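# Commentary on secondary and tertiary structure
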Amino acid sequence: FGVAAERIAGVNRYDTAVFLAQATVDAQEEEGGEIENVFLASGTDFPDALTAGAAAAENNGVVLLTRGDEGLTLNTYQAILGLTGDVPGQVSTAAIGGPAADAAEMGWEGNPVETDIDVVGDDRYETAVAVADEFFEDPDNLVVASGENFPDAVVGGAYAANVDGALLLTRQASLTNATGDYIGSGLLNEVANVFVFGGPDSISRNVSEQIGDLEWDY
């Protein structure tokens, strides 16, 4: 159909993230902009990377993947140094979740990466809330997706990035306390919509009902 497809791929997920980050930098430079934030997230599990992706889209950022207590790959380490540059404060580095914070401290072969902020909750749900609270001052929308399985959250995260929204996570059976508290803590008067992604096997109808039962004030 006359559409040219470009493949961005590395030998593994970590290199692919580096190549995607560089492609984002190049696209920003073509438009006269620049990257302002580097988000580090675990590449061994999905939740923190998805919430980081929505935050990166909102804050002119890119996401690089880490290996938890195994630290960083050489390419990731070099990409962080290249993106953050020599001018302090020009590009901020945020570790999203405990595994990413541990990886930054481990670094590559004992060479750590200094982060400007570590956003770490007691679990993936609290981390997602902490990311929303830190990087979304006045979200227009909120997106709620499963924190137990990733497909719907992948789509939900991309959707959130396009509607000025934060990605929040929940369990399938019921709304997690951290997520419910965040939605109900004054945001109900400010956000236009709360989107729930996924069918009942991913997120039960009970979750939607619990969101609807929060104290909405129109």
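Predicted model only: the values in this text are computed from it and were never measured.

## Some details on the overall build of the protein
Secondary structure assignment for the protein yields eight helices and seven strands. Relative to the globule expectation of 17 Å for 218 residues, the C-alpha radius of gyration of the protein, 18 Å, shows essentially globular dimensions. For the protein, the spread of C-alpha atoms along the principal axes amounts to about 50 × 45 × 30 Å. In the protein, which comprises 218 residues, the proportion classed as buried is 46%. Counting every atom, the protein has about 11400 Å² of accessible surface; 45% of that belongs to carbon and sulfur. Counting 6 positive and 38 negative side-chain charges, the protein places the centres of these two groups 14 Å from one another.

## A few points about the sheet that holds strand E3 (residues 92-96)
In any sheet, the strands associate via hydrogen bonds between backbone groups, in a parallel or an antiparallel arrangement. Here we have four strands laid out as an open sheet, ordered E2-E1-E3-E4, and parallel in their pairing. Taken across any chain shown, the strands that pair with only one partner, and hence form the sheet edges, are strand E2 (61-66) and strand E4 (117-119). Averaged over all pairs of adjacent strands, the angle between their axes in this sheet comes to 25°, without regard to strand direction. Two elements, strand E1 (residues 37-42) and E2, share six bridges in a ladder whose sense is parallel. In the sheet register, Ala-41 faces E2, and the bridge partner there is Leu-65. Sitting on the sheet, helix H2 (residues 47-58) touches E1, E2 and E3, and the angle it makes with E1 is about 165°. On the sheet, helix H3 (residues 74-84) packs against E1, E2 and E3 and is oriented at approximately 155° with respect to E2.

## Considering the pairing of E2
Counted residue by residue, E2 has five buried out of six residues, so it is predominantly covered. Considered for its hand, the β-α-β crossover made up of E1, H2 and E2 is right-handed.

## Describing a negative patch on the surface
On the surface, Asp-26, Glu-29, Glu-30, Glu-31, Glu-34 and Glu-36 cluster together into a negatively charged patch. In this fold, Glu-34 is placed in the loop between helix H1 (13-30) and E1.

## Notes on the sheet that holds strand E5 (residues 141-146)
Across the sheet, three strands lie side by side as E6-E5-E7; this open sheet has parallel pairing. Two strands bound the open sheet, and with one partner strand each, they are strand E6 (165-170) and strand E7 (193-196). When strand polarity is set aside, the average angle formed by the axes of neighbouring strands in this sheet is 25°. With six bridges connecting them, E5 and E6 associate as parallel partners. Paired with Ser-146 across the bridge in E6 is Thr-170.

Cut-offs and rules
- The residue count restarts for each chain, going from 1 along the sequence in the order it is written.
- Only residues with pLDDT of 70 or above have their local features reported here, since the model is predicted, and side-chain atom pairs are shown and tallied only from 80 upward, although totals for entire chains, interfaces and linings are computed over all residues.
- Values shown for side chains rest on all heavy atoms present in the structure; no hydrogens or waters enter the calculation.
- Comment: elements are numbered from the N terminus, with helices defined as DSSP H or I runs of at least four residues and strands as E runs of at least two.
- Between the two quantities, the radius of gyration covers C-alpha atoms and the globule rule is 2.2 Å times the number of residues to the power 0.38.
- Any residue under 20% of the maximum accessible area for its type is buried, any over 50% is exposed, and the rest in between are partly exposed; the area is computed with a 1.4 Å probe on protein chains only.
- Residue-level accessible areas treat just the shown protein chains as cover; the underlying method is Shrake-Rupley with a 1.4 Å probe.
- Charged residues are defined here as Lys and Arg on the positive side and Asp and Glu on the negative side; His and the ends of the chain fall outside this count.
- Working definition for charges: the position is that of NZ of Lys, CZ of Arg, CG of Asp or CD of Glu.
- Two strands make a pair as long as DSSP finds a minimum of two bridges between them.
- As a rule, the C-alpha atoms of each element are fitted with a line to give its axis, helices using only the stretch in contact, and angles between N-to-C directions run from 0 to 180 degrees.
- Between two residues, a contact is recorded if the distance between any of their heavy atoms is within 4.5 Å.
- By convention, a crossover is right-handed whenever its connection, traced from the first strand over the helix to the second and viewed with the strands pointing away, goes clockwise.
- Residues with no salt bridge and a relative accessible area higher than 30% make up the patches, which join like charges within 9 Å and nonpolar side chains (Val, Leu, Ile, Met, Phe, Trp, Tyr) within 5 Å.
- In the sections that follow, a salt bridge refers to a side-chain nitrogen of Lys or Arg positioned within 4 Å of a carboxyl oxygen of Asp or Glu.

These results come straight from atomic positions and should not be treated as a statement about function.
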